[in-house]
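What the coordinates show
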Amino acid sequence: MSLFTVPATVAPLRAQVAEFLEKHVYPVEPVLLAGGIEGTRILKELEARAKDEGLWALGHPARLGGGGLSMLDYAYVNEVIGRSEPATQVFGTTTLQTVLMMDAVATQEQRQRWILPSVTGDLRMAFAMTEPGVSSSDPTQFTTTARLVGEEWVLNGRKWFISAADRSAATIVMCRTESGDVPVHEAFSMIIVPRETPGFRLIRDIEVMGMHGVMSGHFEIQFDDARVPASSILGERGHGFRLAQQRLGPGRIFHCMRWLGASQRAFDHLCQRANSRMLNGRPLAERQLVQKFVFDCYQEITASRLMVLNAAAKLDSGGQARVELSSVKVHCAQTVANVLDRAMQVYGAEGMSNLQPLEAMWREARFGRIVDGPDEAHIERVSRNILRAYRNGEGWDFGER
Ligand SMILES: Cc1cc2nc3c(=O)[nH]c(=O)nc-3n(C[C@H](O)[C@H](O)[C@H](O)COP(=O)(O)OP(=O)(O)OC[C@H]3O[C@@H](n4cnc5c(N)ncnc54)[C@H](O)[C@@H]3O)c2cc1C
């Protein structure tokens, strides 16, 4: 038993999710990943089954109809869900990040129209920050604008890599709403644009690492004088960056929980294959080079897991955990890619093929070092914070952080 052994209060739920995955998700995973009519039909069936079994939206706040798990308890469950990419949809987890951000500032009308149906899975919402032509790591450069004309916001601009923009009922758009004399960090707002708004167009589904969006798709979208009511603003004018931080912070830890799951699954594959594959009369497991793979994976996964649980506990206690979240995102994204890479290596040709889930998982994992801020931006943020603490005379006592 360690301090972070799954608590008895969560263990049965976690086991139930694991059993569901084994029984109902893994056997149809390729069909789900292929999408199409059959994939969508099966996904709907599994979503209904997850709801029936009380496994839907476990991390969403209870007052919004979710399972209400604390961040730490959710980490134990979400690390299991993360073993399979389609499972994130089957268990209704994908909307959590956006729901939490909206819930902090939404009006009553926005809560009824967008948040509650997001929790039940009746709709989803896309989130649009990134633009072609400018670096998303410096969002002050974004060029999409919204002008208040009478009782309407009028949006113009282009965004890209917007996940699930095709199947979302609305897109939350980060855009400049204030004039050039307002300090840039107070010049952007978020505006909700329903899918059917005239002037809002999907340009294309961008192929990413050989994958067209099957489970979600990543779209280039355009706004040409797209008009929405003034009440479509989310939170206050000029609070766009503040809200973005609220979304991206917890979002990072949700990614990390899922990457722990993918790491676990890849590690299982690696170890089982090492024990069973024979080479010159001996299993691969007896080769020191393969043992080093196991050792490296063990160390990296253990470190990632402790970092995730530590950050989750900090969030539960009301802390912002900015340094922890940036640090853990970099670590987990690298870990899952490393573990999958080693597992593929030990599997030989089969590991590179669609006969095993590893290569698709590896491609998906590679996104991790870019999405929600590239590694370099997070590394810089962590170091800047720590060095500032030293300059302020506080230092960085790990025992007290
Ligand atoms: C699969 C996928 C899904 C996505 N979904 C969405 C979505 O739904 N909504 C959305 O708005 N966006 C989405 N994105 C976009 C993603 O958030 C951005 O790609 C990411 O924030 C990086 O921005 P950028 O592409 O403009 O790269 P840039 O900001 O131009 O960065 C490029 C590179 O510059 C370097 N760099 C950046 N900052 C620093 C630094 N501080 N120090 C040193 N080097 C640095 C790094 O090497 C970095 O990789 C998605 C992207 C992918 C791949």
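This report concerns the structure included in the present document. Quick caveat: nothing in here was measured; it's all calculated off a predicted structure.

For helix 7 (residues 108-120), built from 13 residues, the straight-helix expectation of 18 Å at 1.5 Å per residue is met to within 8% by its first-to-last C-alpha distance of 17 Å. Roughly 25 degrees is the biggest bend found in helix 7, and it falls at Trp114, with proline Pro117 one to four residues downstream. What helix 7 keeps buried is the set Gln110, Arg111, Trp114, Ile115, Pro117, Ser118 and Val119. Buried residues belonging to helix 7 abut helix 6 (96-103), strand 1 (125-128), strand 4 (170-176), strand 5 (188-194) and strand 8 (233-234). With its phi angle positive at about 85 degrees, Gly121 sits one or two positions after the end of helix 7.

For Ile253, the location among the structural elements is in helix 8 (residues 240-276). Remark: the alpha-carbon pair of Ile253 and Ala312, spanning 59 residues in sequence, is separated by 7.5 Å. Those residues in contact with Ile253 that sit more than four places away from it in its chain are Met71, Val308, Ala311, Ala312, Leu315 and Leu325.

Let's shift gears to the site of the ligand. Near the ligand you find 21 residues, and of these Met129, Thr130, Ser135, Ser137 and Phe161 are the closest. Between the ligand and Phe127 there is a distance of 2.8 Å, counted from a nitrogen atom to a backbone nitrogen or oxygen. The contact in question runs from an oxygen atom of the ligand to an N or O atom on the side chain of Glu376, over 2.9 Å. For the ligand, whose unbound accessible area comes to 980 Å², protein coverage reaches 69%. For the shell around the ligand, the secondary structure elements donating two or more residues are strand 1, strand 3 (152-163) and helix 13 (375-391). A per-class count over the shell around the ligand returns 11 nonpolar, seven polar and three charged.

As for its placement among the helices and strands, Thr88 is situated in helix 5 (residues 87-90). At a separation of 2.7 Å, a polar atom in the side chain of Thr88 contacts the main-chain carbonyl oxygen of Glu85. Apart from the residues within four sequence positions on either side, Thr88 is in contact with Ile81, Thr93, Thr94 and Arg258.

Calculation notes
Residue numbers restart at each chain and count upward from 1, following the sequence in its written direction. Note on the predicted model: pLDDT of at least 70 is required for a residue's local features to be given, and 80 or more for side-chain atom pairs to be given and counted; whole-chain, interface and lining totals, by contrast, use all residues. Processing note: side-chain calculations cover all non-hydrogen atoms of the structure and skip hydrogens and water entirely. A helix here means a DSSP run of H or I that spans at least four residues, while a strand means a run of E at least two residues long, and both kinds are numbered starting from the N terminus. What a helix is expected to span follows from its residue count: subtract one and scale by 1.5 Å. Bend is computed residue by residue as the angle between axes fitted to the seven residues ending at the residue and the seven residues starting at it. Accessible area is worked out with a 1.4 Å probe on protein chains only. A residue is then buried under 20% of its type maximum, exposed over 50%, and partly exposed in between. By definition in these notes, contact holds between two residues if any of their heavy atoms fall within 4.5 Å. One heavy atom within 4 Å of a molecule or strand is enough for the residue carrying it to be called near that molecule or strand. Identification of polar contacts relies on pairs of N or O atoms within 3.5 Å, with a donor-acceptor requirement for protein atoms, meaning one able to donate a hydrogen and the other able to accept it, and with residues adjacent in sequence counted only if both atoms are side-chain atoms. Only the protein chains shown count as cover for residues, and the accessible areas themselves come from Shrake-Rupley with a 1.4 Å probe. Asp, Glu, Lys and Arg are counted as charged, while Ala, Val, Leu, Ile, Met, Phe, Trp, Tyr, Cys and Pro are counted as nonpolar; the rest, among them Gly, fall into the polar class.

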